[in-house]
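Architecture at a glance
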Amino acid sequence: MATQLNKEFFDKEAATYDAKHERTLEYLIQKIRAQLDFIGVEWASEADDDSLDSGADHGHTTRAVRLLDYACGTGNVSRALAPYTTQCVGIDLSEGMVAAYNQRASNQGLSQTEMFAYQGNLCDPSDPDPPSFAGPTFHNFDVAAVGLGFHHFDDPELAAARLVQRLRPGGVLVIIDFTPHGPFAGAHDEDGEHKHDHPHAAAAQTVTHHGFSEERMREIFEKAGAGGEFGIADLGAISLPGKDHGGKEKRRRVFLARGTKL
Ligand SMILES: C[S@@+](CC[C@H](N)C(=O)[O-])C[C@H]1O[C@@H](n2cnc3c(N)ncnc32)[C@H](O)[C@@H]1O
């Protein structure tokens, strides 16, 4: 089960995550914002308003638009979409990541109703409806997004279904992740056994899926009930710390998939 490994790994990573991935995170924010029309939500603010470039600004809104940022980490997807939404609700397995998310939101002067994250797991097969996520804060979202979290989940199909349950009818599911790629160096030895002595082995072991094809994503969206107007956009390539097998640079192509809850 990757869940406990993810929790432990990202609790340790939380303090340095933003600094370590600063350029990649900023790149992805710009790429996500370039897809606002493609995502197809009726945003709270106009997508081309230059004054919103610097980040969250919930000041001039015309309608309520609520985002569920699942596996939110320190909040990169929330930061990308905050200017165009009225409320960002983060959920993450890692307490450390949640604390970092809330620290950044508070530093930006945002209230809890504007941007706040909670520790938890909506993807536990034995817990279909966790009581701590029962209230209205956690339902009827206009958009539910997972940024670079899907490849860490034990069961992406289950995750998608659980997120779609939290969307309003007509709401949009957004998954940002990697196209198919080979395993990290350090993930396995030549016999396919886990290696524990490689510096990036801990990171490698949090990864349960080596990317997703368009066909797989389409199936996941359709099965979850968000196959309406399914589409996938290319967000370009990013480099990650560590090396792939054969000592190659760890480059990943990133996609953004979207589908409407039917
Ligand atoms: C690579 S980080 C991405 C964080 C953030 N979304 C971003 O775009 O920077 C992956 C995140 O997924 C979280 N995670 C892994 N498995 C999870 C699960 N089952 N439920 C919720 N969060 C999970 C980790 O704690 C971590 O914060």
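The structure we're discussing is the one just above.
Residues numbered from 1 in each chain as written. Predicted model: local features only at pLDDT ≥ 70, side-chain atom pairs only at ≥ 80, totals over all residues. Heavy atoms only, no water.

Our next topic: the sheet that holds strand E5 (residues 167–178). Taken together, seven strands build an open sheet; the order of strands is E3-E2-E1-E4-E5-E7-E6 and the sheet is mixed. For this open sheet the edge positions go to strand E3 (115–119) and strand E6 (228–243), each flanked by a neighbour on one side alone. Recorded for the sheet is a direction-independent mean angle of 20 degrees between the axes of neighbouring strands. Sheet topology places strand E1 (residues 66–70) next to strand E2 (residues 87–92); five bridges connect them, and they run parallel. The residue of E2 that forms the bridge with Leu68 is Val89. In the packing of helix H2 (residues 22–33) onto the sheet, the strands contacted are E5, E6 and strand E7 (249–260), and the crossing angle to E6 comes to about 165 degrees. (Pairing = 2+ DSSP bridges. Helix = DSSP H or I, 4+ residues; strand = E, 2+ residues; numbered from the N terminus. Axes fitted to C-alpha atoms, helices over the stretch in contact; angles between N-to-C directions. Contact = heavy atoms within 4.5 Å.)

Bringing the packing of aromatic side chains into the picture now. Per the stated rule, a full pass over the model turns up nine aromatic pairs. Ring centres of Trp43 and Tyr84 lie 6.5 Å apart, and the angle between their planes is 65 degrees; on these two criteria the pair is classed as edge-to-face. Taken together, the residues Trp43 in the loop between helix H3 (36–39) and E1 and Tyr84 in the loop between helix H4 (76–81) and E2 connect sequence positions 41 residues apart. Each of the two residues, Trp43 as well as Tyr84, counts as buried. Plain terms: the ring middles of Phe116 and Tyr118 are 5.1 Å apart, the flat faces sit at 75 degrees to each other, and that makes the pair edge-to-face. Residue Tyr118 is classed as partly exposed on the basis of its relative accessible area, which comes to 26%. Each residue in the set Tyr70, Phe150, Phe153 and Phe212 is aromatic and connected to the rest through ring pairs, giving one cluster. The side chain of Arg66 reaches across the aromatic face of Phe141, ending 4.4 Å from its centre. (Phe/Tyr/Trp six-rings, centres within 6.5 Å; stacked < 30°, edge-to-face > 60°. Buried < 20%, exposed > 50% of the residue type's maximum accessible area, 1.4 Å probe, protein only. Lys NZ or Arg CZ within 6 Å of the ring centre and 35° of its normal.)

With that settled, the discussion passes to the nonpolar core. Here is a general trend for soluble globular proteins: nonpolar side chains tend to be buried in one another's company. In terms of nonpolar packing, the biggest core is built from 35 residues, with Trp43, Leu81, Val174, Ile176 and Val254 touching the most fellow members. Considering each element in turn, this core owes the most residues, four residues, to E5. When residues no more than four places from it in sequence are discounted, the contact partners of Val174 are Ile39, Val143, Ala144, Ala145, Val146, Leu256, Ala257 and Arg258. Within the second largest apolar cluster, 30 residues are counted, among which are Cys123, Phe150, Ala160 and Phe230. (Core = buried A, V, L, I, M, F, W, Y, C linked by side-chain atoms within 4.5 Å.)

As a further point, take the pattern of salt bridges. According to the stated counting rule, one finds 12 salt bridges in the structure shown. Arg63 is paired through a salt bridge with Glu42; the nearest N and O atoms lie 3.4 Å apart. Note that Arg63 is positioned in the loop between H3 and E1 and Glu42 in the loop between H3 and E1, a separation of 21 residues in sequence. The residue Asp129 makes a salt bridge to Arg166 at a minimum N-O spacing of 3.6 Å. Placement of the pair is Asp129 in the loop between E3 and strand E4 (141–147) and Arg166 in the loop between helix H6 (156–165) and E5, with a sequence separation of 37 residues. For Asp129, a relative accessible area of 51% gives the class exposed. (Salt bridge = Lys/Arg side-chain N within 4 Å of Asp/Glu carboxyl O.)

In this section: the site of the ligand. The full set close to the ligand counts 18 residues, and Tyr17, Tyr70, Ala71, Asp92 and Gly147 are the nearest of them. A distance of 3.2 Å separates a nitrogen atom of the ligand from a polar atom in the backbone of Leu93. The contact in question runs from a nitrogen atom of the ligand to an N or O atom on the side chain of Asn121, over 3.3 Å. Protein chains shield 96% of the accessible area of the ligand, which is 600 Å² for the free molecule. With three residues, helix H1 (residues 2–20) is the single largest residue contributor to the shell around the ligand. (Near = heavy atom within 4 Å. Polar contact = N/O pair within 3.5 Å; in protein donor to acceptor, adjacent residues only side chain to side chain. Areas by Shrake-Rupley, 256 points an atom, 1.4 Å probe, with all protein chains shown as cover.)

Shape is all these values report; function is a separate question.
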